[in-house]
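# Observations on the model geometry
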Amino acid sequence: MELRLRSARRSVVEIPAPVRIVGIWGGELSDEGQRLDEHLKGKLSAILKNLRFQGDLGETLLLPMEEFHVLLVGLGKRRGISLEALRRVGAKLVGEVARLGFREAACETFLSEKLGKKEASAALTEGMVLGSYEFLKYKSRSEAKRLRLWLSRASSSAVERALIVAEAVCFARDLVNEPPNVLYPAELARRAEELAQLGLEVEVWEPERIREVGMGLFLGVAQGSAQPPRFIQVRYRPTGKPQRVLALIGKGLTFDTGGYSLKTSEGMSTMKSDMSGAAAVLGAMRAIAQLRPPVEVWAYIAAAENMVSGSAYRLQDVLKSLSGKTVEVLNTDAEGRLTLADAITFADREGAQTIVELSTLTGACVVALGNQVAGLFSNDARLAREIEEAAERAGEKVWPLPLEEEYRERLKSSVADLKNVAGGRDAGAIIAALFLSEFTEKPLAHLDIAGPAFSDKPHALGPAGGTGYGVRLLVELVDHLQS
Ligand code: BES
Ligand code: ZN
Ligand code: ZN
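Now for a description of the structure that goes with this document. (Residues numbered from 1 in each chain as written. Chains lettered and ligands numbered in written order. Predicted model: local features only at pLDDT ≥ 70, side-chain atom pairs only at ≥ 80, totals over all residues. Heavy atoms only, no water.)

This paragraph deals with the overall build of the protein. A tally of helices and strands in the protein yields 15 helices and 20 strands. A compact globule built from 483 residues should have a C-alpha radius of gyration of about 23 Å, and the protein, at 24 Å, falls within 12% of that. The principal-axis extent of the C-alpha atoms belonging to the protein is close to 85 × 50 × 40 Å. Here the protein holds 483 residues, and 57% of them are scored as buried. A separation threshold of at least 6 residues defines the contact pool for the protein, and within that pool the share at least 24 residues apart is 77%. For the protein, the accessible surface area stands at approximately 20300 Å², while carbon and sulfur atoms represent 48% of it. (Helix = DSSP H or I, 4+ residues; strand = E, 2+ residues; numbered from the N terminus. Rg over C-alpha atoms; globule rule 2.2 N^0.38 Å. Buried < 20%, exposed > 50% of the residue type's maximum accessible area, 1.4 Å probe, protein only. Contact = heavy atoms within 4.5 Å. Areas by Shrake-Rupley, 256 points an atom, 1.4 Å probe, with all protein chains shown as cover.)

Written out as structure tokens, the structure is:
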């Protein structure tokens, strides 16, 4: 759906839209609802009395009046409302209004004692934009519905910020949803290059340069594909003196067949999403470029495709990393940690003070935490806390998992410094995180987003496909680091 959302100073009573949306708190009309009722000479409350519409959270009721329609939406108890509930109400409402055939609507901001005006404005805006997202590019005959929506008495600055963030989430979803024959490493790089329009510095390396620099792990993974890899670097430099340099790293496997440790058809069927970490990082950079926080942020993506061919890497190959450490490959499907290790070393050497890395890294993390929660690993307690707080504000769930030192020796190889898998299926997400932690001593956070990055069915804030998980969390994190 093509949504045009704007904040308006006027009350829903005064905005000349064919449908006016007002809330019901615990069975009673909201303040805006009461104003509308006065305008309608008490007809709204009279109807409500007869209907006994309690208005459970998210429940809607359309009432045709003489001049316009009124859409009532249940919000539950005023004190029980949360940011996430408002996001979901927003998403539900845009779907409902479009389904009912309206092309313009005015909605109140559902203010309550619990949430401030800014918070409520932002949550509703986010929910509405995310809920209106569709990926129709490859549907021959389908036109996006249009909807113009006025958010009455919202905080215009909060709406503007939320629009930037939510549109960045949609940008990340688009990247994930693109089919892998269209979005291969060079195309991902081209999409990153388009971000230069927003004032970001973008630099893309081709295989020759990647080889000169010595990213042997990354190249090993990439060598089986007819599509050459790209190393993508995006830099945001704030005006004035920056306080902290943050590096964001995203896993950028545009497709993961597993290589010679080949996946099953079923296992492979969602693997275009193996660049969701890269999508989240690029989405965050896009929003950061527009929001202009006073923190310096660099993004790195080692983009490759993990394929099977006569030139593909094998099991027992030994590769030399950028760091100098050698790695014996014992499973070609554990490719993400190889590409990421070189990116982490690079970020560290460039002088990043803090490194935050997102990857669809292990099926084991999905087994442990399911598709709603990302695994959070960090060698730094302060960084872990900052991420947990950012995640909480963003409404993107994370849960800490340990970098268990007792397991580290299981990554030792008999022929090289490290091997890329430990052997055995236990503690798979931890082993992967321990492998990454071999490549920097700086504060590092690794988010295993294999679960929440991709949804096989429609969810509260969007359709099946890429979710754009991580964009909102990263923007919140950067916003917090500035203070
Ligand atoms: N991209 C996959 C992880 C993945 C699995 C993401 C399911 C999303 C959904 C990753 O490259 C992989 O294949 N990991 C292996 C590691 C194993 C060989 C140690 C896995 O999880 O099976
Ligand atoms: Zn894999
Ligand atoms: Zn992978």
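Past the structure itself, the notes keep going.
This model, assessed by the stated rule, comprises two cavities of 30 Å³ or more. Counted as a void, the largest cavity has a volume near 40 Å³. Only α5 (156-177) and α10 (276-291) provide two or more residues apiece to the lining of the largest cavity. In terms of residue count, the dominant contributor to the lining of the largest cavity is α10 (three residues). The residue inventory of the lining of the largest cavity, partitioned by class, reads six nonpolar, three polar and no charged. The volume enclosed by the second largest cavity comes to roughly 30 Å³. (1 Å grid on protein atoms, 1.4 Å probe; cavity = no way out; pocket = protein on both sides within 12 Å on 5 of 7 lines; lining within 4 Å. Points joined across faces, edges and corners; volume = space filled by probe spheres on them. Nonpolar A, V, L, I, M, F, W, Y, C, P; charged D, E, K, R; others polar.)

Ideal donor angles around a metal are set by the shape: a four-donor tetrahedron calls for 109.5 degrees, a six-donor octahedron for 90 or 180 degrees. For the zinc ion (ligand 2), the protein coordination sphere consists of D256 (OD), D333 (O), D333 (OD) and E335 (OE), at 2.0 to 2.2 Å. The site at the zinc ion (ligand 2) holds six donor atoms, and with the angles between them running 72 to 168 degrees, its shape is irregular. Here the donor residues of the zinc ion (ligand 2) share one chain and are spaced in sequence as D-x76-D-x1-E. (Donors = N, O, S within 2.8 Å, 3.2 Å for Na, K, Ca; no water. Tetrahedral: all angles 85-135°; square planar, octahedral: opposite > 155°, others 65-115°.)

Let's shift gears to the sheet that holds strand β13 (residues 326-328). Strand order across the open sheet formed by three strands is β12-β13-β17, with mixed pairing between neighbours. Both outer strands of the open sheet, β12 (318-320) and β17 (418-419), are each paired with one neighbouring strand and no more. As paired elements, β12 and β13 share three bridges and run antiparallel to each other. Looking at β13, one finds that V318 is bridged to E328. (Pairing = 2+ DSSP bridges.)

Where α5 contacts α10, the axes come no closer than 8 Å and their chain directions differ by 150 degrees. Comparing the axis directions of α5 and α10 gives the class roughly antiparallel. The handedness of the crossing between α5 and α10 is right-handed. Residues R161, I164, V165, E167, A168, F171, A172, L175 and V176 of α5 touch α10, and the partners they reach there are S276, A279, A280, L282, G283, R286, A287, Q290 and L291. Considering only residue class, the contact of α5 with α10 consists of twelve nonpolar, three polar and three charged. (Axes fitted to C-alpha atoms, helices over the stretch in contact; angles between N-to-C directions. Parallel < 35°, antiparallel > 145°, perpendicular 65-115°, else oblique. Left-handed = near helix turned anticlockwise from the far one by under 90°.)

A separate point is the sheet that holds strand β14 (residues 354-359). Spatially, β8-β9-β11-β10-β14-β18-β15-β16 is the arrangement adopted by the eight strands of the open sheet, whose pairing is mixed. Since the sheet does not close on itself, it has two edges, and those belong to β8 (201-205) and β16 (397-400), each with one partner. With strand direction ignored, the average angle separating the axes of adjacent strands in the sheet is 20 degrees. Its contacts with the sheet put helix α13 (residues 381-394) on β14, β15 (373-378), β16 and β18 (444-448), and the angle it makes with β15 is roughly 160 degrees.

So, on to a nonpolar patch on the surface. Judged by side-chain polarity, Y260, L262, V308 and L315 come together as a nonpolar surface patch covering roughly 370 Å² of accessible area. Counting through the fold element by element, V308 comes out in the loop between β11 (296-306) and β12. (Patch = residues over 30% accessible without salt bridge, like charges linked within 9 Å, V, L, I, M, F, W, Y side chains within 5 Å. Salt bridge = Lys/Arg side-chain N within 4 Å of Asp/Glu carboxyl O.)

Here we come to the pairing of β16. Sheet faces and side chains relate simply in a regular strand, where the side chains alternate between the two faces. With four bridges joining them, β15 and β16 adopt parallel strand pairing. For A374, the partnering residue across the bridge sits in β16 and is V398. Handedness of the β15-α13-β16 crossover: right-handed. (Right-handed = clockwise from strand over helix to strand, strands pointing away.)

Between two cysteines, a covalent bond joining their sulfur atoms is known as a disulfide. Tallied over the entire structure, the rule returns zero disulfides. Free cysteine C170: the closest other cysteine sulfur is in C107, separated by 18 Å. (Disulfide = S-S within 2.5 Å.)

Before going further, it helps to spend a moment on the site of ligand 1. Taken together, 15 residues lie near ligand 1, and K263, D274, D333, E335 and G363 sit nearest. A distance of 3.2 Å separates an oxygen atom of ligand 1 from a polar side-chain atom of K251. One nitrogen or oxygen atom from the side chain of K263 is found 2.8 Å from an oxygen atom belonging to ligand 1. Burial of ligand 1 by the protein chains amounts to 76% of its free accessible area of 520 Å². Put simply, ligand 1 lies in the largest pocket. Residue composition of the shell around ligand 1, grouped by class: four nonpolar, four polar and seven charged. (Near = heavy atom within 4 Å. Polar contact = N/O pair within 3.5 Å; in protein donor to acceptor, adjacent residues only side chain to side chain. Sits in = over half its atoms within 2 Å of the grid points.)

This paragraph deals with α10. Between the first and last C-alpha of α10 there are 22 Å, a value that for 16 residues agrees with the 22 Å anticipated at 1.5 Å per step. Of all the 16 residues making up α10, 13 are buried; the element is thus mostly covered by neighbouring parts of the structure. Residue R292 follows α10 closely and has a positive phi angle near 50 degrees. (Expected span 1.5 Å × (residues − 1).)

The quantities given are spatial measurements derived from coordinates; they are silent on function.
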